[in-house]
Amino acid sequence: QNYLDNFWPDLKAAHELFDSILQARRERESESQENHGKEYPEHLPLEILEAGIKSGRYLQGTLNVNKHRAQLEAFVRLQGFGGKDTG
């Protein structure tokens, strides 16, 4: 802000961009505080997920995503299934 005010006081587009970025950052920080520091809200409470995994209703695994083709390639490695991969 100081840099723009001191060196580019007449550059309206830069000031508008800065204000927009600042507003987006404030909104994100506000959402983060509402979600207790979590970037995304949980879909199900942890207790329900743990009970579902224990009962066999849900499966626990690790999502692996291809960093070069993230929107096209991913697989889940399930835990407790002899180390076999499941696509």
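Source: prediction; values computed, not measured.

So, how was this worked out
- Residues numbered from 1 in each chain as written.
- Predicted model: local features only at pLDDT ≥ 70, side-chain atom pairs only at ≥ 80, totals over all residues.
- Heavy atoms only, no water.
- Phe/Tyr/Trp six-rings, centres within 6.5 Å; stacked < 30°, edge-to-face > 60°.
- Helix = DSSP H or I, 4+ residues; strand = E, 2+ residues; numbered from the N terminus.
- Buried < 20%, exposed > 50% of the residue type's maximum accessible area, 1.4 Å probe, protein only.
- Salt bridge = Lys/Arg side-chain N within 4 Å of Asp/Glu carboxyl O.

Engineer: What is the right way to look at the packing of aromatic side chains in this model?
Structural biologist: Think of a pair of aromatic rings as described by two things: how far the centres are apart, and how the planes are tilted against each other in angle. Tallying each qualifying case throughout the model produces 1 aromatic pair. Aromatic side chains Tyr-3 and Phe-7 sit 5.2 Å apart centroid to centroid with 40 degrees between the ring planes, which places their arrangement in the tilted category. Within this pair, Tyr-3 and its partner Phe-7 are both found in helix H1 (residues 2-7), separated by 4 residues, close to a single helical turn. Summarising the burial analysis for this pair, Tyr-3 and Phe-7 share the class exposed.

Engineer: Before we go on, may I ask you to explain the pattern of salt bridges in this structure?
Structural biologist: When charged atoms on two side chains of opposite charge get close, those side chains can pair. For the coordinates displayed, the defined rule picks out 3 salt bridges. With a shortest N-O distance of 3.3 Å, Glu-29 and Arg-25 are connected by a salt bridge. Here Glu-29 pairs with Arg-25, and both are found in helix H2 (residues 12-34), just 4 residues apart, close to one helical turn. Relative accessible area serves as the criterion here: at 41%, Glu-29 is assigned to the partly exposed category. Take Arg-25: its relative accessible area is 54%, and that puts it in the exposed class. Here Arg-69 makes a salt bridge to Glu-73, at a shortest N to O gap of 2.9 Å.

Engineer: Looking at this model, I keep getting lost on the side chain of His-15. Mind explaining?
Structural biologist: Looking at where His-15 falls in the secondary structure, it is placed in helix H2. You can call His-15 buried: its relative accessible area is 17%.

By themselves, these are just geometric observations and shouldn't be taken as functional.
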